[in-house]
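Inside the fold
The lines below spell out each chain.
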Amino acid sequence: MDDIRFERHFRTPYSESYYIMQGVGMQTNNRLGTVDIHFTSTAVHGTLILERELEEIELTKLIEQIDEDLVLSADMPRDDFLVSVYVGRDVGFYSDEYFAEETDSDLDFNDEEL
């Protein structure tokens, strides 16, 4: 997959997360999914979440590209690269701020009932 690039979402000492972007122009710049990579003492575990299904050959090429571009470049020893693959869609982003706003609006609603 030639038009794939990875944008780091976060990094810790033993884990990394990336957005997988497909396309090079602004019109074709679409997120294909995300990958979380976790380094242990013997293996590297990956969780690949795709936002659309891929043909088996495209999927294996993507995993190989993740291995070459992200896992091997991390220079961490490993015996195996184990990848769990899921297909899903993004339904939202939630944070403490979101829940605080929800709680505040719930309190406002309850005040009106009294």
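Here, every reference points to the structure presented above.
About the cut-offs
Residues numbered from 1 in each chain as written. Predicted model: local features only at pLDDT ≥ 70, side-chain atom pairs only at ≥ 80, totals over all residues. Heavy atoms only, no water. Salt bridge = Lys/Arg side-chain N within 4 Å of Asp/Glu carboxyl O. Buried < 20%, exposed > 50% of the residue type's maximum accessible area, 1.4 Å probe, protein only. Core = buried A, V, L, I, M, F, W, Y, C linked by side-chain atoms within 4.5 Å. Helix = DSSP H or I, 4+ residues; strand = E, 2+ residues; numbered from the N terminus. Contact = heavy atoms within 4.5 Å. Pairing = 2+ DSSP bridges. Axes fitted to C-alpha atoms, helices over the stretch in contact; angles between N-to-C directions. Polar contact = N/O pair within 3.5 Å; in protein donor to acceptor, adjacent residues only side chain to side chain.

**Digging into the pattern of salt bridges**
Applying the stated criterion across every chain, the model contains 6 salt bridges. Close ionic contact of R8 with E16 constitutes a salt bridge, the shortest N to O distance being 4.0 Å. Judged by relative accessible area, which is 4%, E16 ranks as buried. Two residues, R31 and E51, come together in a salt bridge whose shortest N-O distance is 2.6 Å.

**Details of the nonpolar core**
Soluble globular proteins tend to bury their nonpolar side chains together. Within the largest apolar cluster, 18 residues are counted, with the highest numbers of intra-cluster contacts made by I20, V35, I37, L48, L62 and I66. The element best represented in this core is helix 1 (residues 56–71), accounting for 5 residues. Excluding anything up to four places from it in sequence, L48 contacts I20, T34, V35, L59, L62, I63, I66, V83, S84, V85 and Y86.

**A few points about the sheet that holds strand 3 (residues 30–39)**
The strand order across the open sheet formed by 5 strands is 1-2-3-4-5, and the pairing between neighbours is mixed. This sheet does not close on itself; its edge strands, each paired only once, are strand 1 (4–11) and strand 5 (80–87). Shown here is a sheet whose adjacent strand axes are inclined to one another by a mean of 20°, direction ignored. Pairing analysis gives 8 bridges linking strand 4 (residues 43–50) to strand 5, with the strands arranged parallel. By the bridge assignment, L48 is partnered in strand 5 with V85.

**Let's talk about the side chain of E16**
Counting through the fold element by element, E16 comes out in strand 2 (residues 15–22). Looking at E16, its side chain comes within polar contact range of the side chain of R11, at 2.7 Å. Aside from chain neighbours lying at most four places away, what touches E16 is R8, F10, R11, V35, D36 and I37.

**Notes on the side chain of Q22**
With respect to the helices and strands, the residue Q22 is situated in strand 2. For Q22, a relative accessible area of 16% puts it in the buried group. One polar contact links Q22 to D3, side chain to side chain, over a distance of 3.4 Å.

**Observations regarding unusual backbone geometry**
The phi dihedral of D75 falls on the positive side, at around 55°, and the residue is not glycine. Mapped onto the fold, D75 is located in the loop between helix 1 and strand 5. With relative accessibility at 70%, the residue D75 sits in the exposed group.

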